[in-house]
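# Overview (structure and organization)
Here is what each chain is made of, one letter per residue.
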Amino acid sequence: MVELSLTVRKTDPEDVDDIVNIIFSDKRATVIAAVNPTTVTESLDDYETIDKHSKNFIFSTIEHSILSLTAKENNKVVGFFALSDIPHTSLSLTPASWEYQILPTLTTTRQPPTMENTLWCKLFVISSTSKTQTEIISNQLLSAIFTTLPELDNILVKAFAGPPLVPLLSDTKIFVPVVPKVKGAQTPAHKDSSLKPEKNQDKAGKNATSSTPVNHNIIPLLYNVTRDIFIPQLIIRAARVEDHDDLVPLFNQQTEVTPSVHDAYFLAHLIESQDKNHRVLVAEVNGRAVGLMALTTNVDVEILKKCFHLEPYSNFVNPNTREQLRMASPVKKNGKNEGNDHSAFCVTLFCVLESYSSRARDFLQPALSVFSRKEYLLITQPHSSPSNALLPYFTQVSARSGSTFPHVLYLLHQSSLSLTVTRNAQISDLKSISNFVHQVEQSDEMLAMVNTHLNSAQSSINSWVLLCEDQIVGFAITESETNSQWLRENYELDDFIVFEYHHSPNHHAYLLHFVLNPIFDCKRVYFLREIMRKMEKSCLYYRVYYEAHVSSVISSMFPVQARKQIYYPTPAAQGIHPTETPHHSQIHSTSSNQSFKHESNVPYVHPIPPPHIQPPFIIPPPYLECFALYITCKKLLQEQKITVNSRILVVGASDVSLSFLETLCKVPYINFTSLTILSPAGIVIPGSSITSKIPNLLPDSHCYQPSEFVKLGITAHLTVVDGKMVTIDRNKKIVMIDNGGLLRYDFLILATGVQDKTPKIAFSNAEEETEPPKGLISLSGRYSLLNALDILLSESEETKKETDKHHGEEDKLLLYNHQKVIIYSNTTDLEAYTVLQGLLTLGANAHDVTVALTSTNNEGNCFRDSVVEAEVLKAIKHLGVKIIKGYSVKSVECNNETGDLEFVLFEKDDGDETEELRLECSVMLSSAHKDVDIDAFQAINESCLIYDGRLVIDHTFRTNDPSIYAAGSLTKFARRYRPSINLSDYNSRKVGEKVAQSLLSIIDPFSSDEDEETQLKLSLWNNTSTATNQIKKDLVRKVSELGLALLSPKSRGGVLPHNLHFLDLEMPNPHFESRTESVKTNFVTNTLNGEGIHRKGRYMCLGVDSNGIIARIVYLGTEQIEVSNIQSLMGLPLSCLNSLQERYEQGLITDLVVFLRQPWSMALYHDRFEEFKQFLQNMSQSEQVLSNLISQVSVSLRTPQKQQPVKRTPSAKSKNNSPSSKTKEMQTLKEVLQSSKRILNNEKESIEANQFIQQKLFDFLRHNHTQLRMYYVPNGAPSLSSPDYPKMKQWYQRRVRGLSVVKGVRIEGLSSLILSVFQPVYLVGQLSTSALTVTPVLCLL
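It is worth spelling out the sheet that holds strand β16 (residues 421-424) at this point. Here seven strands make up an open sheet; going across it, the order is β16-β17-β18-β19-β20-β26-β21 and the pairing mixed. Each edge of the open sheet is held by one strand with a lone partner, namely β16 and β21 (558-560). On average, adjacent strands in this sheet sit at an angle of 35° to one another, irrespective of strand direction. Relative to strand β17 (residues 461-468), β16 runs antiparallel, the two sharing four bridges. Opposite Thr 422, over in β17, you have Leu 466 as the bridge partner. Strand contacts of helix α14 (residues 524-535): β16, β17, β18 (471-480), β19 (508-516), β20 (539-545) and β26 (627-633), with the helix running at about 135° to β17, the strand carrying the most contacts.

Listed below in structure tokens is the structure:
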């Protein structure tokens, strides 16, 4: 008896080498292929070329397969199976229409093959030592295939099997020969309309290869493998009481009903109580009951109508089936249920043995036959329940806004089980298409595209229809994509496909429109698969523009993350002034391979950025032109997403909230169906203008750029509710909002942040509660700003007349009649200055604006830079704006008749006496006193969530209610975490990401299980008698680890008075011992000059910490700076910046901005550079060349301490472990680095490491050459030890001689990136032999 311990899984790239060895080297291998694999390499002589082509063949097979599985035994590949939806051309069958030629001939198979249930074997490989092993491996692989693809019933196998026949194919129990010989199969006459050839072949099919030469010495044979051989078909019959004993174990295993709810004979009673309205079906295999389905017609349709959108399903009216099929519309709105009769019945109980779950669909047709007059089969299940085997065949019904129905509703229409056919749209379909899409958004655009497709033979547009019983139930429009390289450069396509095997433009297409009758939702994937097959495409994309209609097709596609783009500086911004600067019309798309050359014959390789130029750097297109991208391809079509119906409610539209939602939405294998965000102003694009005429007045956190946010496509997955949270009912899991509505949740995320409470303070002394005047406005986000601008802004009559004359110009918005405006803020807040600039931009008179700054804790100014503060105050003084400092609002005075704001009374406490100041004011914009919103606080407090100055959370962001999470400035860590961290000091986007990861650990089945040990420690903590010091240390360690995980630069910025652009980037301090709390070294350049509106130049300060890491960057200038680029520098070693320190000390750098815009730096801004650094760090552990060098450097770290021992006194010895002694040890770091530098500069010691790093750098630049074209990379990069290296180096210099000198800065060769060396940077926890981390990174000369 042969026993094999096999593991069958989806094929990974790491399996390719083993598969190649089996095919081309294993003489015992069994190979069944659509094409003879040996023909791939038979004309090649070179071994390396043969190996490369062999791997390419396997990779291409995997990439273009519907499904590929690998069988492994003892971690060794022993089997491989790949499925495709098209036959090989050697069968003389056209891929786009083979079904018309071959399916009518397959009438003797056990399961009638159709396009929906049939695929082709593309490659089948087995490595075994005996016939028995071969049979076991093949059975395991085929069984796994049929289990993975429940809709698959037939696998057609065409094999080149010359004499003798492949032994495996002689087993006719599995491989049934259906066509003994195929030579140019002809289209036979037939009656089945679904297999009629199309009148108009699609354009893709016209150019397809119809036949290829066949080697007649190898006879192609056709076999069929059917599902019922491996997974028997279920026999569905009426249940009998005798089935009770078989069903009870199955029921107890799969049901959540507790024994107290039902008795021991619950199933027997259920079966016995069957009547005309209640039926029970049983699935039987070999005389044993393996499944159960209970049905009932008692459905309360009226309740369902109130809670769900049933209009597309005619509110379950009971019409004739064919009439319903003809009338059903994807967005029908006026269906009415007349009378009490309805056409729905529902499943009340369903369970099936796990081994037969892939045959759950066998229940459906018998269930519909039981109540033949009913057309809709319904299923309801709790939101938290996982999907069962039936749901892929059902359509989920969308719930109405504010629905409190506790379950999710699914339905199945009896017509959805009918066969469908996909074909090109024809002229005769125009009227039907018009009727089908007339209520869909963009229907006019769709019809115009169809006419273009049908009337133009050269059009790249194709239109497709899905037919059921000759009725249109689906419609799609596609367009061929010819610039796939641009997509790859802007989106993370490499996360889903190996692009090299889809490189041809003929492989890619856009899905422009997709409309599907909702009752045929289960046919969505099949429709997409057929469109791709008939177009002969391997990748299909769908674009979602901001606020555009979104098709339901995105639930079957995968979101592609946008890549961070480099902001390419113009030549002038780099300090280069060529004789001729290319006009913006000369800038091509990113797919262009052209370069620019100037008349002076100085070569200038331009990076070819997007076609929008605005000095001093090239910016991406406006966000309204950007789009979120979704993809599907052959190998992803059958990927079953996990549907999560848990109701996730997010309160607040802060950066933390958006990041949380972004992280959830970009999980490719999960489909979240119930994401809701509650916010007073909905979702506003971060960093964008308030309206088309009004700029953004508030500071920018730079967590999201407008175009970046649009590319995320978050809004396509959300339900946005306008309102404020006022009550939380934790028992019922309900949130009540201010308009009286209710929102149910399974998980609640609170991220409301803090808001200004000045109006409450100003009226705290009022004798009776009164509403604040309309002119007293808190700056608490876009919502409050819109209220303020409603009061402040109007259009003058002159402006309106000018607008009538010049329709293309924006209106000039002016302030009301020189109203007196007070901006009241804290000295540590940036709002006062950005709002002031915004009001001045909108036409405010500077003499009518007063800035009042209060200080509560002497924290200094909001800029934290004396130069910036001086420049801003100088600009404000020049404008004539009045500033008062140290005053706080005491009260306000309003007009008794109108209630409008008239005066504000301020007071200043100097200790001995109090000074008062009364100012005239029509509008006061305040942000001075920020705290938790009063409504949010009351909701939190009344629901008994722990509040200690802020909402208390643990290290997983949970409150004391495990279903409620919170983050951001609203929260604080529990006091048991000491020392703790302040989340408001960290990047909000990083915080939101960590909150989402914490939630995913619970709802994502592929995520690691929750740390039960940690939860035990938390419970022990509450019992002080059992708590130990170790538990306390572990909890503190958790928060410390969280602080390290959140390390990402925190940004602040905005436009200040006189149009000064301000940016402040800082790395947070995670409070571990080796990091100091302040920057140690600053590199400063200042070119600001001029007065008033004529002031030009910029100021930049680059701060480095004690470990040589860039920890802070401050910028102030009259030009906007490329924030995305500068953010990439944070956290990098200073040594990466092209010898910045040496050049700065020599006086060669007069403008840091110009220096950081030079071509050498572009690789640092590349989105893959961080991955490249991580790759090198990983290599330092595995590559012996690097690990040897690191070992030598590590030894040198201990040498200075041994050579210069510290002379200790008794008192010094007792303080050896004190922080001061550790500080003294840190002083030896400079000597350590000098010692290691001597080793690194020793050619004998580091030459091999240099060669390795250089080669990997070349690979990085080659792979990203389309975005880093300023670097010249030869095909064969010379190594440092190459005898031709000096000559090659001189040749490099000749290639870039025109750029060799830039303002006295010598940029040698390839801008110091190509000729780089390996140098480690030390992140020292403690300078001792026991705790030292050496992290190698790429260092640029």
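On the basis of which strands lie adjacent, the open sheet formed by five strands has the order β37-β46-β40-β41-β42 and parallel pairing. Only two strands of the sheet have a single partner each, and these edge strands are β37 (776-778) and β42 (882-885). Recorded for the sheet is a direction-independent mean angle of 20° between the axes of neighbouring strands. Sheet topology places strand β40 (residues 821-826) next to strand β46 (residues 923-926); four bridges connect them, and they run parallel. Residue pairing in the sheet places Ile 822 in a bridge with Met 924 of β46.

Here we come to the packing of aromatic side chains. Under the definition given, this model contains 26 aromatic pairs. Seen in terms of ring centroids, Phe 146 and Phe 230 are 5.8 Å apart; in terms of plane orientation they differ by 25°. Their pairing is stacked. You can see Phe 146 sitting in helix α4 (residues 131-148) and its partner Phe 230 sitting in the loop between β8 (220-226) and β9 (235-238), a full 84 residues away along the chain. Judged by centre distance (5.7 Å) and plane angle (65°), the ring pair of Tyr 824 and Phe 906 falls under edge-to-face.

Turning our eyes to something else, we now look at helix α22 (residues 934-942). Taken together, the buried positions of α22 are Ala 936, Ala 939 and Ile 940. One side of α22 carries all its buried residues, which in axial view fall inside an arc of 95°. Buried residues in α22 make contact with β32 (725-729), β35 (747-750) and β48 (951-953). Phi turns positive, to about 65°, at Cys 944, one or two residues after α22.

Conventions used here
- Residues numbered from 1 in each chain as written.
- Predicted model: local features only at pLDDT ≥ 70, side-chain atom pairs only at ≥ 80, totals over all residues.
- Heavy atoms only, no water.
- Pairing = 2+ DSSP bridges.
- Helix = DSSP H or I, 4+ residues; strand = E, 2+ residues; numbered from the N terminus.
- Axes fitted to C-alpha atoms, helices over the stretch in contact; angles between N-to-C directions.
- Contact = heavy atoms within 4.5 Å.
- Phe/Tyr/Trp six-rings, centres within 6.5 Å; stacked < 30°, edge-to-face > 60°.
- Buried < 20%, exposed > 50% of the residue type's maximum accessible area, 1.4 Å probe, protein only.
- Arc of directions from axis to C-beta.

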